[in-house]
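Residues per chain, in single letters:
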Amino acid sequence: MPARRRHSYGGGSSPATASSYSTNTLTDRSSPPATDKPSSVARWISGIFINCFTPPDSLSSKDFEDSEHNIRSRRSSTGSVQSHYGNANETDKNPNQRFSFDEIYNATKNFSPSFRIGQGGFGTVYKAKLRDGTTVAIKRAKKSLHDDCQGSEFMSEIQTLAQVTHLSLVKYYGFLVHNDEKILIVEYVANGNLRDHLDCKEGKILDMATRLDIATDVAHAITYLHMYTQPPIIHRDIKSSNILLTENFRAKVADFGFARLAPDSESGATHVSTQVKGTAGYLDPEYLTTYQLTEKSDVYSFGVLLVELLTGRRPIELNREQKERITIRWAIKKFTNGDTISILDPKLERSPANNLALEKVLELALQCLAPHRGSRPSMKKCSEILWGIRKDYRELLNTSL
Ligand SMILES: Nc1ncnc2c1ncn2[C@@H]1O[C@H](COP(=O)(O)OP(=O)(O)OP(=O)(O)O)[C@@H](O)[C@H]1O
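Keep in mind that this is a model prediction, so the values were computed, not measured. (Residues numbered from 1 in each chain as written. Predicted model: local features only at pLDDT ≥ 70, side-chain atom pairs only at ≥ 80, totals over all residues.)

A.B. asks: Explain helix H14 (residues 379-399) to me, and be specific about the residues and the numbers.
C.D. replies: With 21 residues, H14 ought to run about 30 Å at 1.5 Å a step, and its terminal C-alpha atoms sit 30 Å apart, in line with that. Among all positions in H14, only Met379, Lys381, Cys382, Ser383, Glu384, Ile385, Leu386, Trp387, Gly388, Ile389 and Arg390 are buried. (Helix = DSSP H or I, 4+ residues; strand = E, 2+ residues; numbered from the N terminus. Expected span 1.5 Å × (residues − 1). Buried ≥ 20, exposed ≤ 12 C-beta atoms within 10 Å, placed from the backbone.)

A.B. asks: Give a description of the environment of Gln163 that names residues and reports values.
C.D. replies: Looking at the element boundaries, Gln163 is found in the loop between helix H7 (151-161) and strand E6 (172-178). Put simply, Gln163 and Gln230 are 67 residues apart on the chain and 9.6 Å apart in space, counted from C-alpha to C-alpha.

A.B. asks: Before we move on, could you go through the pairing of strand E5 (residues 135-141) and cite the residues and values that matter?
C.D. replies: Each regular strand shows side chains that alternate between the opposite faces of the sheet. Within E5, five of the seven residues are buried, which leaves the element mostly enclosed by the surrounding structure. Alignment of strand E4 (residues 123-129) against E5, held across seven bridges, turns out to be antiparallel. Of the residues in E5, the one forming a bridge with Ala128 is Val136. Linking E4 back to E5 in an antiparallel pair, the connection comprises five residues, with Gly133 at a positive phi of about 95 degrees. As paired strands, E5 and strand E7 (residues 181-187) are joined by five bridges and run antiparallel to one another. Residue pairing for E7: Lys139 is matched across the bridge by Leu184. (Pairing = 2+ DSSP bridges.)

A.B. asks: Before we move on, can you summarise the pairing of E7 with the specific residues and values?
C.D. replies: Of all the seven residues making up E7, six are buried; the element is thus mostly covered by neighbouring parts of the structure. Two elements, E6 and E7, share six bridges in a ladder whose sense is antiparallel. Following the sheet pairing, Tyr172 is matched in E7 by Val186. Here E6 hands over to E7 after two residues, with Asn179 in that stretch at a positive phi of 50 degrees.

A.B. asks: Lay out the site of the ligand in plain terms, naming residues and giving numbers.
C.D. replies: Taken together, 24 residues form the shell around the ligand, and within it Gly118, Gly120, Gly121, Ala137 and Ser241 come nearest. Secondary-structure elements contributing two or more residues to the shell around the ligand are strand E3 (116-119), E5 and E7. Sort the elements by how many residues they give to the shell around the ligand and E3 lands first, with three residues. Taken together, the residues that form the shell around the ligand break down as ten nonpolar, ten polar and four charged. Of the residues that make up the shell around the ligand, three or more belong to each of domain 1 (36-57 + 65-70 + 191-400) and domain 2 (75-187). (Near = placed C-beta within 6 Å. Nonpolar A, V, L, I, M, F, W, Y, C, P; charged D, E, K, R; others polar. Domains from an automatic or database assignment.)

A.B. asks: How would you explain the packing of helix H9 (residues 208-227) against helix H11 (residues 295-311) if you had to name every residue and give the values?
C.D. replies: At a minimum axis distance of 11 Å, the contact between H9 and H11 shows a crossing angle of 175 degrees. In this view, H9 runs roughly antiparallel relative to H11, as classed from their interaxial angle. Residues Arg211, Ile214, Ala215, Val218, Ala219, Ile222 and His226 of H9 pack against Glu295, Asp298, Phe302, Leu305, Leu306 and Leu309 of H11. (Axes fitted to C-alpha atoms, helices over the stretch in contact; angles between N-to-C directions. Parallel < 35°, antiparallel > 145°, perpendicular 65-115°, else oblique. Contact = placed C-beta atoms within 7 Å.)

A.B. asks: Summarise the confidence of the model for the chain; cite the residues concerned and give the values.
C.D. replies: Here the chain averages 75 in pLDDT, and 67% of its residues register 70 or above. Confidence drops under pLDDT 50 across residues 1-97; counting only partners more than four residues distant or on other chains, this segment forms 170 contacts. Overall, residues 262-274 carries pLDDT values under 50, and its contacts beyond four positions in sequence, including any with other chains, amount to 23 contacts. If you check the scores for this complex, the pTM reads 0.75 and the ipTM reads 0.96. (pLDDT = per-residue confidence, 0-100.)

Structural data, given as structure tokens:
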């Protein structure tokens, strides 16, 4: 067993990678730029309405300034009490830009199955077009969740999440409460989730270059949540079904900060106990034993996601023989035995560039998967390392053409 590899798994950055990669990750022109600082984010939130909102893309900067902290309540056309952040004049000026339950019901034809695009722990997801032409994803909470997400706490959580804006994060647009309905409206991302792509359910095999782009996008998005939001946001549920892909196969991370809003017990096998939220196979072992959640729990889940990208396998594969069921354990074993190449997703070509990317990304993944959080790199460090791996990968591809 090579000593260098054992050491890598124990944590600490790989000397080979740490010295040779750019540290300027967030200014990568081909990757999502770092976006708003908290001050401008604060303005953005003031334009987000709860129960009744204007899609952010159609708000001007004047609207943001006008609407700061002007909270009011009003009675909607459907009779429910709506409260939102916004300036009375501004919203009244733009009645067509507001949206209501009626609009959601109409847009989804009363939540017709033909508009349904997914199902998760929170509820059912629909795709719909609003009156102003914006296509959105509408998440309709299961009725059983309603006690869990009682009014103010849930709304204040959404309000916090709506502050966050980054190209690689799915935007929260708004949240509606109407009688026993709770509906979340978020940015629609057109190309399905990463897990389905790894399973080739969407028809195209994701090549290594695309997988490196996705890993880098996700790393940037989580770095942003950890470092550029105030207070920092821990995602808590990084997993491949929460990574949505655009038509250009760039990644957008969904459901950030959302685990706190999800149900405790009845979302099926993926969610665990009342104290710990997340998804089996991705959960930081230290969080599981201490209940202490830190940014490094996301780093751990990100390590699992990297292994998933390299192998194509789910974190838990119950149909495989015992020693291969927990994918990260199997991958770590292969790595320490010097047989890394055998874990490469069989759908990927075994080329020098792919082999190099495999070795380097796996090395990073194993650092992320260190049992103790203190040994794991920060997400910023992961971004930097991935940035370098992607650069080396592209160079190697070009020279071998
Ligand atoms: N904003 C979106 N744009 C496009 N499709 C989406 C969007 N949000 C969710 N989906 C689709 O709906 C599916 C279910 O999403 P949801 O977030 O409810 O559950 P999940 O993340 O898959 O699982 P869980 O809730 O158990 O964590 C996703 O896997 C995705 O395919």
